[in-house]
Amino acid sequence: SGWSRSVCLLRDSVDHVYDVTIAYRDHSPGERPTEMSLVAARYPREVHMHVRRHSMASLPEVPSDLEQWCRASFKDKERRLQSFYASEETPLGPSTECPVGTRELHARWMHAAAFWALACCVSWWSLVLVVGWLWGLAAIGAWMLA
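Along each chain, numbering runs from 1 in the same order as the chain's sequence is written. A pLDDT threshold of at least 70 governs which residues receive local features in this predicted model, and a stricter bar of 80 or more applies before side-chain atom pairs are shown or counted, although totals over entire chains, interfaces and linings include all residues. Excluded from the side-chain calculations are hydrogens and water; all other atoms, namely the structure's heavy atoms, are used.

Chemist: It is not clear to me how the side chain of histidine 54 should be interpreted in this structure. Could you clarify?
Modeler: Think of it this way: any DSSP run of H or I at least four residues long counts as a helix, any run of E at least two long counts as a strand, and we number them from the N terminus. Counting through the fold element by element, histidine 54 comes out in strand β2 (residues 46–55). Of the residues examined, histidine 54 reaches a relative accessible area of 17% and is grouped as buried. For every residue, the accessible area obtained with a 1.4 Å probe (protein chains only) is divided by the maximum for its type, and the residue is called buried under 20%, exposed over 50%, and partly exposed between those limits.

Set out below in structure tokens:
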């Protein structure tokens, strides 16, 4: 799988792997946040994150064992999320409060949106330049052959 191949390739250059589980308390019952709801400044009531750090040395060496480890990790995530959504009181794991105000959260989302908009523009212009260069080279080639 891609996971086991990535770990094999990165084993010598990366010290740790971070396993992140994110859970949201609903905006309204049954609704989950989407990109559009976040852009529209409709944020979930709460965002809970559970982060585990695994040293690369603790991960299995054999690809099949590594895939089995990954499946077990996802089963644990699913169990943790089911428990979280079944009860209003159940945290994902050990917690540290990190309250962020609505204004600050909105500013962070706007910064992220601006970054992605800029990245998309740069990518688009890069594509335009490459296509322009290729078209120019093709025109020069056609002119030389004529």
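Chemist: What am I meant to see in the pattern of salt bridges here?
Modeler: Side chains bearing opposite charge may pair, as long as their charged atoms lie close to each other. The salt bridge definition used is simple: a Lys or Arg side-chain nitrogen within 4 Å of an Asp or Glu carboxyl oxygen. Under the criterion given, the structure shown has six salt bridges. The salt bridge involving arginine 52 is made with aspartate 76; its shortest N-O contact spans 3.0 Å. Remark: aspartate 76 occurs in helix α3 (residues 63–86) and arginine 52 occurs in strand β2; sequence separation between them is 24 residues. According to the relative accessible area criterion, arginine 52 is partly exposed, its value standing at 33%.

Chemist: Please clarify how the packing of aromatic side chains should be interpreted in this entry.
Modeler: Each aromatic ring pair is described using two quantities: the centre-to-centre distance and the angle formed by the ring planes. Any two rings among Phe, Tyr and Trp, with Trp reduced to its six-membered ring, count as a pair given centres within 6.5 Å; such a pair is stacked if its planes are under 30 degrees apart, edge-to-face if over 60, and tilted if neither. One pass over the full model with this rule turns up three aromatic pairs. On the basis of an interplanar angle of 15° and a centroid distance of 6.1 Å, the ring pair of tryptophan 3 and tryptophan 69 is categorised as stacked. With a gap of 66 residues between them, tryptophan 3 in helix α1 (residues 2–10) and tryptophan 69 in helix α3 connect regions that are remote in the sequence. Residue class for tryptophan 69 comes out partly exposed when judged on its relative accessible area of 23%. Plain terms: the ring middles of tryptophan 124 and tryptophan 125 are 4.8 Å apart, the flat faces sit at 80° to each other, and that makes the pair edge-to-face.

Chemist: Explain α3 to me, please; I cannot follow it from the model alone.
Modeler: One turn of the α-helix equals 3.6 residues, which is why residues spaced by three or four share an orientation. In a helix, the anticipated span is given by 1.5 Å times the number of residues less one. Spanning 24 residues, α3 covers 34 Å between terminal C-alpha atoms, matching the ideal 34 Å at 1.5 Å per step. Of the residues making up α3, those classed as buried are Leu66, Cys70, Ser73, Asp76, Lys77, Arg80, Leu81 and Phe84. Contact between two residues is taken to exist if any of their heavy atoms lie within 4.5 Å; hydrogens are not considered. Considering only its buried residues, α3 is in contact with α1, β1 (16–25) and β2.

Chemist: Help me out: how do you make sense of the pairing of β1 in this one?
Modeler: The side chains of a regular strand alternate between both faces of the sheet. Residues of β1 alternate between two faces, with Val17, Asp19, Thr21, Ala23 and Arg25 buried on one and His16, Tyr18, Val20, Ile22 and Tyr24 left unburied on the opposite face. A pair of strands is labelled paired if DSSP reports no fewer than 2 bridges between them. The sheet contact formed by β1 and β2 spans ten bridges and is antiparallel. Across the sheet, alanine 23 pairs through a bridge with histidine 48, a residue of β2.

Chemist: Quick question: what am I supposed to make of the packing of α1 against α3 here?
Modeler: When two helices pack together, their arrangement is captured by the angle between the axes and the distance separating the axes. The axes are straight lines fitted to the C-alpha atoms, using for helices just the contacting stretch, and the angles between their N-to-C directions are given from 0 to 180°. For the pair α1 and α3, the least separation of the axes is 9 Å and the interaxial angle reads 120°. The two elements α1 and α3 cross, and the hand of that crossing is right-handed. Contacts between α1 and α3 involve Trp3, Ser4, Val7 and Cys8 from the former and Pro63, Leu66, Glu67, Trp69 and Cys70 from the latter. Each crossing is labelled by how the near helix is turned from the far one, with a counterclockwise turn of less than a right angle marking it left-handed and a clockwise turn marking it right-handed.

Chemist: What am I meant to see in the nonpolar core here?
Modeler: Among soluble globular proteins, nonpolar side chains are generally buried collectively. Each nonpolar core is a collection of buried residues, namely Ala, Val, Leu, Ile, Met, Phe, Trp, Tyr and Cys, held together in the definition by side-chain atoms within 4.5 Å. Core analysis: the biggest nonpolar cluster contains five residues, these being Val7, Val17, Met56, Leu59 and Leu66. The residues contacting valine 7, other than those within four sequence positions of it, are Met56, Leu59 and Leu66.

Chemist: How should the layout of surface pockets be read in this particular structure?
Modeler: Taken as a whole, the second largest pocket holds about 180 Å³ of empty space. Pro33, Thr34, Glu35, Leu38, Val39, Trp109, Met110, Ala112, Ala113 and Trp116 together form the lining of the second largest pocket. The set of elements that each furnish at least two residues to the lining of the second largest pocket consists of α2 (35–39) and α4 (102–145). At five residues, α4 tops the list of elements feeding residues into the lining of the second largest pocket. Here the term cavity refers to a set of points on a 1 Å grid, laid over the protein atoms alone, in which a 1.4 Å probe fits but cannot get out; the term pocket refers to an open set having protein on both sides within 12 Å along at least five of seven lines, with lining residues being those that place an atom within 4 Å of a point. Grid points are joined across faces, edges and corners, and a volume is the space filled by probe spheres set on the points.

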